[in-house]
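# Analysis of the macromolecular model
The residues making up each chain are set out below.
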Amino acid sequence: IVYGSFSAFYEFCRMLMKKDHRSLQFDDVRQHLMAYMALSLDFFIGKDIIDTFITTSGREELISLVFIVIIRVVLGFSLDKEITSLEKLKRGKLD
């Protein structure tokens, strides 16, 4: 998340230095950041699953893991959907 944030911020600053500020470039920065966020969500899900299996002491932890995974999967799905819509928008503006 940190690397993706810094990378997107760098791209944003680089875009601001250019004379031409098109909305398409802002969408590129947004898409760049969302891709890193989706990837980090996948890593967090994996970390939670591994932690739960290593330190499982009860049923409550498994239930909370299920809810955490469901929430993160829904967030990942919505990020993926947004990235896909930005790609379609980008293709539409380039045509």
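The structure displayed is predicted, hence computed values, not measured ones.

Within the chain one finds 3 helices and 0 strands. Across the 95 residues that make up the chain, the buried fraction comes to 24%. Contacts spanning at least 24 positions in sequence make up 70% of the contacts within the chain whose residues lie at least 6 apart. As presented, the chain carries roughly 7200 Å² of accessible surface, and 68% of it is formed by carbon and sulfur atoms.

Now for a nonpolar patch on the surface. Together, Ile63, Val66, Phe67, Ile70 and Val74 line one region of the surface with nonpolar side chains, adding up to about 460 Å² of accessible area. For Phe67, the position within the fold is in helix 3 (residues 59-94). Overall, Phe67 belongs to the exposed group, its relative accessible area being 52%.

Listed in full, the 6 residues of the largest apolar core are Met34, Ala38, Leu41, Leu79, Ile83 and Leu86. Listed by contribution, the elements that provide at least two residues to this core are helix 2 (23-55) and helix 3. Ignoring sequence-local partners within four residues, the contact set of Met34 consists of Leu79, Glu82, Ile83 and Leu86.

Right, let's get into the confidence of the model for the chain. Residues with a pLDDT of 70 or more make up 87% of the chain, whose mean pLDDT is 78. Per-element confidence in the chain ranges from a low mean pLDDT of 78 for helix 2 to a high of 81 for helix 1 (residues 2-17).

What counts as what
- Residues numbered from 1 in each chain as written.
- Predicted model: local features only at pLDDT ≥ 70, side-chain atom pairs only at ≥ 80, totals over all residues.
- Heavy atoms only, no water.
- Helix = DSSP H or I, 4+ residues; strand = E, 2+ residues; numbered from the N terminus.
- Buried < 20%, exposed > 50% of the residue type's maximum accessible area, 1.4 Å probe, protein only.
- Contact = heavy atoms within 4.5 Å.
- Areas by Shrake-Rupley, 256 points an atom, 1.4 Å probe, with all protein chains shown as cover.
- Patch = residues over 30% accessible without salt bridge, like charges linked within 9 Å, V, L, I, M, F, W, Y side chains within 5 Å.
- Salt bridge = Lys/Arg side-chain N within 4 Å of Asp/Glu carboxyl O.
- Core = buried A, V, L, I, M, F, W, Y, C linked by side-chain atoms within 4.5 Å.
- pLDDT = per-residue confidence, 0-100.

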